[in-house]
Amino acid sequence: MTILHRIVLIASALVITGAATAAQTGQPSPRDISGFWALFSDGKKVPPAKLLPRVTKAMLDLHARQDVHAIRWCNPIGLPMIMDSAAIDIRQGPTAIFMAPESSLVPRYVYLNRKHVSADIYDPSTSGDSVASWEGDTLVVDTIGFHPTHGVTSIPGGGFRTDKTHLVERYRLLQNGEVLSVQFTWTDPTVFSAPHTYEFRYRRLPATYEPVSTWPCDPYDQTRAEFLGDPAPFRAEKR
Amino acid sequence: MRNAAIVLLLMVVAAAPTMAQTKPESLTGVERLEGDWVRIDPNGSGDFGGLASTFTPASLTPQGNAAMEAGQRQAAAPRGPAFTENARHDPGVPYIVVSRPCGAGPFGGGALGINPDSGGIHFVVHKDEIIFAPERGGFRHIYMDGRKHPDLTRWTPTASGHSVGRMENGELVVDTIGITPGLVTAGGWRTVETRLTERFVVSPDGKHLTINYRWEDPALYQKPHEYHYEFDRLPAGSYALEYWCDASDPAEQESVTPPSQ
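Residues numbered from 1 in each chain as written. Chains lettered and ligands numbered in written order. Predicted model: local features only at pLDDT ≥ 70, side-chain atom pairs only at ≥ 80, totals over all residues.

### Digging into the overall build of chain B
Of the regular secondary structure elements, chain B holds four helices and 13 strands. Out of the 261 residues belonging to chain B, those deemed buried represent 34%. The contacts in chain B between residues at least 6 apart in sequence include a share of 55% that link residues at least 24 apart. (Helix = DSSP H or I, 4+ residues; strand = E, 2+ residues; numbered from the N terminus. Buried ≥ 20, exposed ≤ 12 C-beta atoms within 10 Å, placed from the backbone. Contact = placed C-beta atoms within 7 Å.)

Rendered as structure tokens:
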């Protein structure tokens, strides 16, 4: 048997064995992050962001007030808050990944079969335009196209997203698929003096979990409105 | 054997870009549902109201009629979550189109997944769960893992209910109960107990989708109420638009004056 024979046989056996093993054991595939995931207080490791001198306390306060406004009026929250939720349903299909926290009516899509939509035609959104590819067993998600003011814009550790923000997330399954590690790296030449990286670790909830089918967020609930207040009342956007 | 090795290498190399550019219509089985769709008006009815008028009207029982009339009175009330006034308006007389925009009303909780409108709809297909997400709010979880419906006495009704799916003869069949009471297309009504069966049929070329609806409830219907919606697959490169509606924006509540005819 030549070396080529052996290479072909070994490669074929590895492919067949790998597929059969995954199917028979029911073990989660390292390349499928689907599941119901919970983020607990011990799942966050967030260092302080290094901000540019131009980012003043007044700017940070304005974004914080706008965040309250977005929550008060039940607006789509978007990234990063959409990933900072108690329970998230993540479903990975052949061409896209769907991510929906229980606390929002507006989900997030990550596309596996295309590049970024041209900025000429993309309508900026609270979660931006996300595309992903696998590097080994790590899913690398690249996001641009954020709306500068819509949704909750403040970023854990400091700073905020703008229309110039770029986010790279690295998803990895740990502990036999029971933990999902997501490393977030934010860059923005108008906000951060260095890339801002932090990590969340989500725990897998039972497969039989039944998500609460979206919370009833009612902007006309007067008691709720009075509780939250509106520190940044509506202002028409400049066009 | 050298040739076999080269073929194997080429297969591995070729697989990467192929996977990266998967077209949903090229998928097989239930995965053919994956992707982006938009409802169409195949009969040239002009609007979805006109389209619904071509469906066979629901045959309601006396109890069903009473429930629907009560529900319509409630829906027509001047206050409540975001509602659209469907009444006819005289030219030149201004009226408010939506009294409470962007609320947690009819669009919340995936109701548009039960009754899609002109917004896009998006499917993400996983072996354990299919996501059915209408563009203008909410989403449906369709469980494919063999679970049963919950006991309705312990279920809080939602706009899209509780859905479980299975494959039958190459078609996705979805069974739903636990939906909040409300109107059903073509003169129907539903309660938490009403059962909806949907059959999702993708055309052989993967570019057309038909959803067949069947509502069953012996308390409300004299016979099952059936109709279907049709959809086209959106072009490659389409993506889910974010439906932005800010209830604090005064423009959302501006009145409209119908023009003279």
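### Remarks on the overall build of chain A
When its secondary structure is counted, chain A shows three helices and ten strands. Shown N-terminal to C-terminal, the secondary structure of chain A runs as helices and strands in the order α-β-β-α-β-β-β-β-β-β-β-β-α. The 239 residues of chain A split such that 37% are buried. A separation of at least 24 residues holds for 61% of the contacts in chain A among residues at least 6 apart in sequence.

### Considering unusual backbone geometry
For the bond from A:Leu79 to A:Pro80, the omega torsion is 5 degrees, close enough to zero to count as cis. Looking at where A:Pro80 falls in the secondary structure, it is placed in the loop between helix H2 (57–72) and strand E3 (87–92). One non-glycine residue, A:Asn176, lies in positive phi territory at about 55 degrees. Relative to the helices and strands, A:Asn176 is located in the loop between strand E8 (166–174) and strand E9 (179–187). Among the residues examined, A:Asn176 registers 10 C-beta atoms within 10 Å and is labelled exposed. A positive phi angle is found at B:Ala186, which is not glycine, with a value near 65 degrees.

### Re the pairing of strand E5 (residues 140–143) of chain B
Residues and elements named next belong to chain B. With burial as the criterion, each face of E5 is covered, one bearing Arg 140 and Ile 142 and the other bearing His 141 and Tyr 143. Two strands pair when backbone bridges link them, and strand E4 (residues 129–134) and E5 are joined in this way by four bridges, in the antiparallel orientation. Note that in E5 the partner of Phe 132 across the bridge is Arg 140. (Pairing = 2+ DSSP bridges.)

### Concerning the nonpolar core
Ranked by internal contacts, the top residues of the largest apolar core, which has 77 residues, are A:Phe98, B:Ile131 and B:Phe132. In terms of residue count, strand E4 (residues 96–101) of chain A provides more of this core than any other element does, five residues in total. Ignoring sequence-local partners within four residues, the contact set of A:Phe98 consists of A:Arg91, A:Pro107, A:Tyr109, B:Val124, B:Ile131 and B:Ala133. Judged by nonpolar contacts, the second largest core, of five residues, contains B:Ala111, B:Leu112, B:Ala159 and B:Ile179. (Core = buried A, V, L, I, M, F, W, Y, C linked by C-beta atoms within 7 Å.)

### Points about the sheet that holds E5(B)
Residues and elements named next belong to chain B. Taken in spatial order, the nine strands close into a barrel running E1-E3-E4-E5-E6-E7-E10-E11-E12, and their pairing is mixed. Along the sheet, successive strands turn relative to each other by an average axial angle of 30 degrees, direction set aside. Relative to strand E10 (residues 195–202), strand E7 (residues 171–177) is paired through five bridges, and the arrangement is antiparallel. Counterpart to Val 174 in the pairing with E10 is Glu 198. (Axes fitted to C-alpha atoms, helices over the stretch in contact; angles between N-to-C directions.)

### Points about the confidence of the model for chain B
Where the model shows low pLDDT, its predicted coordinates should not be examined in detail. Residue and element names in this part refer to chain B. Residue-level pLDDT values for chain B average 83, and 79% of them are 70 or greater. Across residues 5–19 the pLDDT falls below 50, and counting only partners more than four positions away or on other chains, this stretch makes five contacts in the model. Low confidence marks residues 79–83, where pLDDT is under 50. Its contacts with residues over four positions away, or in another chain, come to 15 contacts. The ipTM for the predicted assembly is 0.86, set against a pTM of 0.85. (pLDDT = per-residue confidence, 0-100.)

### Here we look at the environment of A:Ser103
Residue and element names in this part refer to chain A. By the secondary structure assignment, Ser 103 is in the loop between E4 and strand E5 (108–111). By C-beta crowding, Ser 103 is classed as partly exposed, having 18 other C-beta atoms within 10 Å. C-alpha separation for the pair Ser 103 and Asp 61, spaced 42 residues apart in sequence, amounts to 24 Å.

### Re H2(A)
Residues and elements named next belong to chain A. Counted at 1.5 Å a residue, the expected span for H2 with its 16 residues is 22 Å, and the 22 Å between its end C-alpha atoms agrees. Looking at H2, one finds that the buried residues are His 63, Gln 66, His 69, Ala 70 and Arg 72. Buried-residue contacts for H2 involve helix H3 (222–228). Phi turns positive one or two residues past the end of H2, at Cys 74, with a value near 60 degrees. (Expected span 1.5 Å × (residues − 1).)

### Structural notes on the environment of B:Gly120
All names here are of chain B. Within the secondary structure, Gly 120 sits in strand E3 (residues 120–125). The exposure class assigned to Gly 120 is buried, which follows from the 20 C-beta atoms found within 10 Å. Along the chain, Gly 120 and Arg 39 lie 81 residues apart, while their C-alpha atoms are 7.3 Å from each other. Ignoring anything within four residues of it in the chain, the contact list for Gly 120 reads Asp 36, Trp 37, Val 38, Glu 135, Leu 234, Ala 240 and Leu 241.

### Overview of the confidence of the model for chain A
When pLDDT is averaged along chain A, the result is 88, and 87% of the positions lie at 70 or above. Per-residue pLDDT stays below 50 along residues 7–24 of chain A; that stretch engages in eight contacts with residues further than four places along the chain or on separate chains.

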